[in-house]
Amino acid sequence: MAAITASMVAELRAKTDAPMMECKKALTEADGDLGKAEEILRVKLGNKASKAAARVTAEGIVGTYISADGKLAAIVEVNCETDFVAKNDDFLAFTKSVAELIATKNPADVAALSALPLEGSTVDAVRTALVGKIGENISVRRFQRVEAQGKVVSYIHGGSKVGVLVDLVGGEEALGKDVAMHIAASKPKSLDASGVPADLIETERRVAIEKAKESGKPEAMLEKIAEGTVQKFLKEVTLLSQVFVKAEDGKQTIEQLLKSKSASVASFTLYVVGEGIEKKVNDFAAEVAAQAAAAAAAR
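Just so it is clear, the structure is predicted and the values come from calculations on it, not from any experiment. (Residues numbered from 1 in each chain as written. Predicted model: local features only at pLDDT ≥ 70, side-chain atom pairs only at ≥ 80, totals over all residues. Heavy atoms only, no water.)

Caption draft 1: Region of the structure containing the packing of helix H9 (residues 198–214) against helix H10 (residues 222–237). Close contact between H9 and H10 brings their axes to 8 Å; oriented N to C, the two are set at 135°. Between H9 and H10, the interaxial angle falls into the category oblique. With respect to the hand of their crossing, H9 and H10 are arranged in right-handed fashion. Mapping the contact onto sequence places Leu 200, Ile 201, Glu 204, Arg 205, Ala 208, Ile 209, Ala 212 and Lys 213 in H9 and Leu 222, Glu 223, Ile 225, Ala 226, Glu 227, Thr 229, Val 230, Phe 233 and Leu 234 in H10. Split by residue class, the contact of H9 with H10 holds 11 nonpolar, one polar and five charged. (Axes fitted to C-alpha atoms, helices over the stretch in contact; angles between N-to-C directions. Helix = DSSP H or I, 4+ residues; strand = E, 2+ residues; numbered from the N terminus. Parallel < 35°, antiparallel > 145°, perpendicular 65-115°, else oblique. Left-handed = near helix turned anticlockwise from the far one by under 90°. Contact = heavy atoms within 4.5 Å. Nonpolar A, V, L, I, M, F, W, Y, C, P; charged D, E, K, R; others polar.)

Right, dumping it as structure tokens:
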């Protein structure tokens, strides 16, 4: 049996917002496996125990570049330590330059991007100089380059904390903006069901079966219940099946909206700054206590 530490309980609580004792029980049942413990809490507490994916936990911005003809585009997330630096003009200019380099030079990964020429030096050298000038760590976290089948439309929200690129085939730019805005608001995981990772679907299936068992449903009904749950989940997380956020009737899906405009979406990219990164939160009281203890020990 794995030892369940206070830090493990705190980490699970931060991810799920579940009560501390429930977190400890779930970790004990999962023998210390954090992922399995999160599933156990979802069975017991429902979707309110699955908020981690939407949490923004690091600072920085999302930058985009789109060519004049809309055929070439890039999106990049550049991180820093504080929101104050994320608004710095030099930081913003660096992000803009990096986005354009990604689109025009097509680097394979962040390492290749870092070696590209920029301002008479390299991207990494410019980044390092910026770190020295500003006094905070700065890093390029991820990027995506798009060669469009149609034309790329972008949408930036929340002080560049959320960025979207949509490859719209047919239709007007206003339609692309509406779809991109919807993506920023509803955060679909993929265009359609074929793009949803198999492990996510399997997790939904497992949780549904366990919840049905706990509620006393007959064994013969479990698979049917699970399949219904999975299909509901897929409708909620796939762009084409989602109800358009601006639908006047509250029913029109993105797929129906696109068909009404003789358009389609070839692909989309959604970046939320800090998504999936756990940011260290300083406990001021604990720091003061630690400093006082250290001072007492030094006497």
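Caption draft 2: Spatial organisation of helix H5 (residues 89–105). Over its 17 residues, H5 runs 24 Å from end to end, which matches the ideal 24 Å to within 8%, given 1.5 Å per residue. Along H5, the positions that sit buried rather than exposed are Phe 91, Phe 94, Thr 95, Val 98, Ala 99, Leu 101, Ile 102 and Ala 103. Asn 106 sits one or two residues past H5 and shows a positive phi near 55°. (Expected span 1.5 Å × (residues − 1). Buried < 20%, exposed > 50% of the residue type's maximum accessible area, 1.4 Å probe, protein only.)

Caption draft 3: A look at the environment of Arg 141. Counting through the fold element by element, Arg 141 comes out in strand E5 (residues 139–147). Take Arg 141: its relative accessible area is 28%, and that puts it in the partly exposed class. When the C-alpha atoms of Arg 141 and Gly 274 are compared, they prove to be 9.2 Å apart, with 133 residues separating the residues in sequence. In this structure the side chain of Arg 141 is engaged in a polar contact, spanning 2.7 Å, whose partner is the backbone oxygen of Glu 275. (Polar contact = N/O pair within 3.5 Å; in protein donor to acceptor, adjacent residues only side chain to side chain.)

Caption draft 4: Just unusual backbone geometry, in detail. Positioned with a positive phi, Lys 187 is a non-glycine residue whose angle comes to about 50°. The exposure class of Lys 187 is partly exposed, given its relative accessible area of 33%. Backbone geometry at Ser 262 places phi at a positive 55°, although glycine is not the residue there. As for its position among the elements, Ser 262 is in the loop between helix H11 (254–260) and strand E8 (264–272). Judged by relative accessible area, Ser 262 falls into the exposed class, the value being 65%.

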